Amino acid sequence: MGFLRSLQHNSYVEGVLTSLPVSLFSALILTCIITRIVTGMRSTIAQNQVDSVSKTPNRISYWIPWVGSALSFARDIEGTIRNGRDASGDGIISYRIGSSTYYVVNMPSLVQQIFAQKSATLSKQKVLEWFMKTAFDDKHATRDEHAAFHSHHTALNLMLKEDFINEATNKTARTVEREAARLITSAPQTTLEGKPLEPWEEAGKVAFNADGTFDANFYQLIVHYMGQIVIDMLWGKALIQNYPNLQSDMWDFDEGVHHMLTPLAKITVNGRRAIACRTRLTEAMHAWHEAVATTQHGEVPAKKWGALDDISQVMQDRVKVWVDSKASETLQKTNDVSVLWGVNVNSNKNVFWMLLQIYSRSELLSDIREEIAPYVGVSPAGERGPDGFPKLDIDVDGLCKHCPLLKASFYETMRINMSGLGIRQVIKDVALKESATDASQFGKKRPQSYTIPAGTTLVLANGTMQMDQRIFANPEEFMPERFIEEGSDARPKATMKNLHTFGGGLYKCKGRYFAEKEVLIFASSLLVMWDLAPTQGEEIAIPKMGYAGASRSPLKDIRVRLARRYN
Ligand code: HEM
């Protein structure tokens, strides 16, 4: 009683009792402390279940009720997951955000099991609908026009078929044979007054030096250069001809797409610019669709579209699908923009990072040049391309089958550069079990299993796993050899092992077979045709990477000096 009485006469306690704001504030602090203690105890209890066969995933403790871990996620999603993972050491941990529970997966064997589930158990549908609404402003068309969306999605399966892979690969290789030397188009020592720059040179702010070398912003140069070739190949040349700003809109949209996923999109400069770009992109993709549909209907589109006879089969088929399924304009144009973006955003950025990683290591550069020499080289017949530059000969089959170091460098680039989160809605309870190998690698007494309840969300922390010392030793180092092993014919072979940068399951990247060949074609031909050096200093400094989420862009572009190896 003496203690309570002394509290009553304490001036602070009196103040609390008499002042409403102070009372509320004190109540809040008290609630947070209690929440932290309770969630901390619960986390410790879960953590101590080291001997049990099945385990309740450790829910990472938090301070603010209901808000849960939302603020830490908003501040630094990768760092938050990394800290939770390290604190628990388990294959799965969980987070509370608002009224939802998120189960974050950190172990390779669990990832395999998740990819193997049917969509009736784990679904990406709702996430996709949210993404199409938030990033592409589809006004819920993906959700509401289920049948038409499904037809379009099925049409994309053509990308997995031999016909598409061969058509796309051959067209790309034949174009790159001519165009590798045209990454920068001036002939050496010529004055370029009056000669218009190519769009990719314009984007890369190419400057011509007196000694015949060129300075350029490498990121912009590479992504636009590849985009021109691949967009022309898939959608036909008339698309960019009629919408010359298509690529700058697409890359500016890409810079701002993160902002769109937050309420800040309409306020930030990047967000507002991305919204304007998105509007122009959807207009372009709708106009293109209308022109192609008109041709397919046997009529003649506006003259500016020309014959439209150079469009890939897969894009032709998608136009038919939109028309046959009576898709709304909004569904068609927003999904077409998403495909345009998806085709470019990962391959092109990976080639940029891969080239920088290789060029900045002289030993690796010469090893790769030696490895690819039998398959990519200047035309032995001395053929020349349109501007009189030497043409290349590319043997795609040999390049893809017999160049493990090049291929492993691509995988290693994706491991370091890509950081997407795979998100699945849990429709039915699902049981997942750690493998014995993973459990021992994570220092656990025994492999444990987890039951993830329906109504929650599973998150594959790809970026965090790719930088986990236990899964990839010395994760900060660029070590392509980690992906090379002995093949069945006793020759070295590159395999992706625990790298899942193409996703998995029903929604696994449909362009993956083409993408790998495409990246190897572009990277190898540029390595053969060009030397690269920094514009200042001795060494190429790899720029810092921007936002996490799929493939990252550099925080700041890098200016480099390019020199032709063949004239
Ligand atoms: C290095 C290059 C690439 C990487 C790393 C990559 C990665 C991905 C990833 C992670 C997804 C989502 C998968 C999921 O949700 O589980 C995806 C989807 C997709 N990608 Fe790629 N991609 C690349 C290049 C390409 C290319 C060149 C094309 C087309 C020519 C393409 C076409 C697609 C399509 C159509 C989808 C949607 C699949 C669906 O919704 O079912 N990708 N890609």
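Note that the coordinates shown come from a computational prediction; the quantities given were computed from them, not determined experimentally. Throughout, residues of each chain are indexed from 1 in the direction in which the sequence is written. In view of the model being predicted, local features appear only for residues whose pLDDT reaches at least 70, and side-chain atom pairs are presented and counted only at 80 or more, with totals across whole chains, interfaces and linings using the full set of residues. With hydrogens and water excluded, all non-hydrogen atoms of the structure serve as input to the side-chain values.

### Describing the overall build of the protein chain
Elements are defined by DSSP. Helices are runs of H or I of four residues or more, strands are runs of E of two residues or more, and each kind is numbered from the N terminus. When you go through the protein chain residue by residue, the secondary structure sums to 23 helices and 16 strands. Whereas a compact globule of 567 residues would reach a radius of gyration of roughly 24 Å, the protein chain reaches 27 Å, a difference of no more than 12%. Taking the principal axes of the C-alpha coordinates as reference, the protein chain spans close to 100 × 55 × 45 Å. Classification of residues uses two cut-offs on accessible area relative to the type maximum, computed with a 1.4 Å probe and protein chains only: under 20% is buried, over 50% is exposed, and between them is partly exposed. Out of the 567 residues belonging to the protein chain, those deemed buried represent 52%. The long-range share in the protein chain, meaning contacts at least 24 apart out of those at least 6 apart in sequence, stands at 72%. A 1.4 Å probe and the Shrake-Rupley method give the accessible areas. Residues count as covered only by the protein chains that appear here. Accessible surface computed for the protein chain: about 26,200 Å², of which carbon and sulfur atoms make up 55%. Positive charge is attributed to Lys and Arg, negative charge to Asp and Glu, and no charge count is given to His or to the chain ends. Note that the charge is assigned to NZ on lysines, CZ on arginines, CG on aspartates and CD on glutamates. Across the protein chain, the 64 positively charged side chains and the 62 negatively charged ones have centroids separated by 7 Å. Only C-alpha atoms enter the radius of gyration, while the globule expectation follows 2.2 Å times N to the 0.38, with N the number of residues. Whether two residues are in contact is decided by their heavy atoms, any of which lying within 4.5 Å being enough.

### What about the sheet that holds strand β5 (residues 207-208)?
Only when DSSP finds a minimum of two bridges between them are two strands counted as paired. In spatial order, the strands read β5-β6-β16-β15; together these four strands make up an open sheet with antiparallel pairing. Edge positions in the sheet fall to β5 and β15 (530-534), since each of these pairs with one other strand and no more. Strand direction decides the pairing type here: strand β6 (residues 214-217) and strand β16 (residues 559-564), joined by four bridges, are antiparallel. Residue F214 lies in a different strand from β16, and its bridge partner there is L562.

### A word on the state of the cysteines
Only a pair of cysteine sulfur atoms within 2.5 Å counts as a disulfide in this structure description. The full count for this structure, using the stated rule, is zero disulfides. C400 takes part in no disulfide bond, and the closest cysteine sulfur, belonging to C403, lies 8.1 Å away. Assessed through its relative accessible area of 12%, C400 is described here as buried.

### Observations regarding the coordination of the iron atom of the ligand
When four donors bind a metal tetrahedrally, each ideal donor-metal-donor angle is 109.5 degrees, and when six bind octahedrally, the ideal angles are 90 or 180 degrees. Water is not among the atoms examined, so metal sites may look incomplete; donors are the N, O and S atoms within 2.8 Å of the metal, or within 3.2 Å for Na, K and Ca. Among all protein atoms, only C509 (SG) binds the iron atom of the ligand, sitting 2.3 Å from it. Tracing the chain through its elements places C509 in the loop between β14 (492-494) and α23 (512-529).

### Quick word on the UniProt feature "binding site: heme" (unreviewed entry) in the protein chain
Here the UniProt-annotated "binding site: heme" (unreviewed entry) positions come out as C509. Look past the residues within four positions of C509 in its chain and what remains in contact with it is L160 and F502. UniProt positions are given in the numbering used here, feature names are shortened, and annotations may be inferred rather than shown by experiment.

### Focus on the pairing of strand β2 (residues 92-97)
Two faces belong to every sheet, and in a regular strand the side chains alternate between them. Where strand β1 (residues 58-59) meets β2, two bridges bridge the pair, whose relative direction is parallel. When the bridges of β2 are listed, N58 appears paired with I93. By the bridge criterion, six bridges tie β2 to strand β3 (residues 100-105) in an arrangement that is antiparallel. Across the sheet, residue I92 finds its bridge partner in β3, namely V105.

### Here's the deal with helix α18 (residues 362-372)
Every α-helix carries 3.6 residues per turn, so stepping three or four residues along brings you back to the same face. Those residues of α18 that fall on the buried side of the exposure criterion are L364, L365, I368, R369, E371 and I372. For α18, the buried positions fall inside an angular range of 160 degrees around the axis, keeping them on one side. Within α18, the exposed residues directed more than 90 degrees away from the buried face are S362, E363 and E370. Tucked inside the fold, the buried residues of α18 contact α17 (329-359), β7 (376-378), α19 (396-402), α20 (404-417), α23 and β15. The reported arc concerns the directions from the helix axis to the C-beta atoms and nothing else.

### Details of the side chain of K444
Tracing the backbone through its elements, the reader meets K444 in the loop between α21 (436-441) and β11 (449-452). Under this definition, polar contacts are N or O atom pairs within 3.5 Å; protein pairs additionally need one hydrogen-donor-capable and one acceptor-capable atom, and for neighbouring residues in sequence, both atoms have to be side-chain atoms. A distance of 2.7 Å separates a polar atom in the side chain of K444 from a polar atom in the side chain of D90. For K444, the side chain forms a polar contact with the side chain of Q448, separated by 2.9 Å. Once residues within four sequence positions are removed from consideration, K444 is found in contact with G89, D90, M107, E434, A439 and Y450.

### What to know about the pairing of β6
Residues F214 and A216 line one face of β6 and the alternating positions D215 and N217 line the opposite face, and both faces are buried. Note: β5 against β6, two bridges, orientation antiparallel. Paired with F208 across the strands is F214, a residue of β6.

### Thoughts on the nonpolar core
F218, W235, L399 and L562 are the most contacted members of the largest nonpolar core, which totals 134 residues. Looking at which element gives the most residues to this core, the answer is α17, with 14 residues. For this core, the domains that each give at least three residues are domain 1 (2-131) and domain 2 (137-418 + 467-564). Beyond its immediate chain neighbours, meaning those up to four positions away, L562 contacts L183, I184, T213, F214, A216, F218, L221, W530, D531 and L532. The next biggest cluster of nonpolar side chains, apart from the first, holds eight residues, and it includes F73, I93, V104 and V459. In this text, buried Ala, Val, Leu, Ile, Met, Phe, Trp, Tyr and Cys residues form a nonpolar core when linked through side-chain atoms within 4.5 Å. Domain borders in the structure are assigned automatically or taken from a domain database.

### Focus on the site of the ligand
Near residues are defined by distance, with any heavy atom within 4 Å of the molecule or strand qualifying the residue. The immediate surroundings of the ligand are formed by 24 residues, with K124, H153, Y507, C509 and K510 found nearest. One of the side-chain N or O atoms of K124 is found 2.4 Å from an oxygen atom in the ligand. At a separation of 3.4 Å, an oxygen atom of the ligand approaches a polar backbone atom of G504. Going through the elements one at a time, α17, α20 and α23 are the ones with two or more residues in the shell around the ligand. Here the shell around the ligand takes five residues from α17, the largest share from any one element. Grouping the amino acids of the shell around the ligand by side-chain chemistry returns 11 nonpolar, nine polar and four charged. Nonpolar residues are Ala, Val, Leu, Ile, Met, Phe, Trp, Tyr, Cys and Pro. Charged residues are Asp, Glu, Lys and Arg, and all others, Gly as well, are polar.

### With respect to a nonpolar patch on the surface
Residues enter patches when they are more than 30% accessible in relative terms and free of salt bridges; like-charged ones are connected within 9 Å and nonpolar ones (Val, Leu, Ile, Met, Phe, Trp, Tyr) within 5 Å. A side-chain nitrogen of Lys or Arg and a carboxyl oxygen of Asp or Glu constitute a salt bridge if their distance falls within 4 Å. A cluster of nonpolar side chains, contributed by F25, L28, I29, I33, I37, M41, W63, I64 and L71, occupies part of the molecular surface with about 890 Å² of accessible area. Residue contributions to the nonpolar patch peak at six residues, all from helix α3 (residues 20-47). Topologically, I37 is positioned in helix α3.

### Observations regarding the domain arrangement of the protein chain
What the domain assignment lists for the protein chain is domain 1 (2-131) and domain 2 (137-418 + 467-564). Here the C-alpha centre of domain 2 lies 40 Å away from the C-alpha centre of domain 1. Contacts between the two partners involve 16 residues from domain 1 and, on the opposite side, 18 residues from domain 2. With both chains or domains summed, domain 1 and domain 2 bury close to 1,500 Å², and 64% of this area falls on carbon and sulfur atoms. For the pair domain 1 and domain 2, the interface holds two salt bridges. Linking E78 and R552 is a salt bridge whose minimum nitrogen-to-oxygen distance equals 3.2 Å. One can count three residue pairs in polar contact (both at pLDDT 80 or more) joining domain 1 with domain 2. Accessible area, probed at 1.4 Å, shrinks when two parts are joined; the buried area is that loss added up over both.

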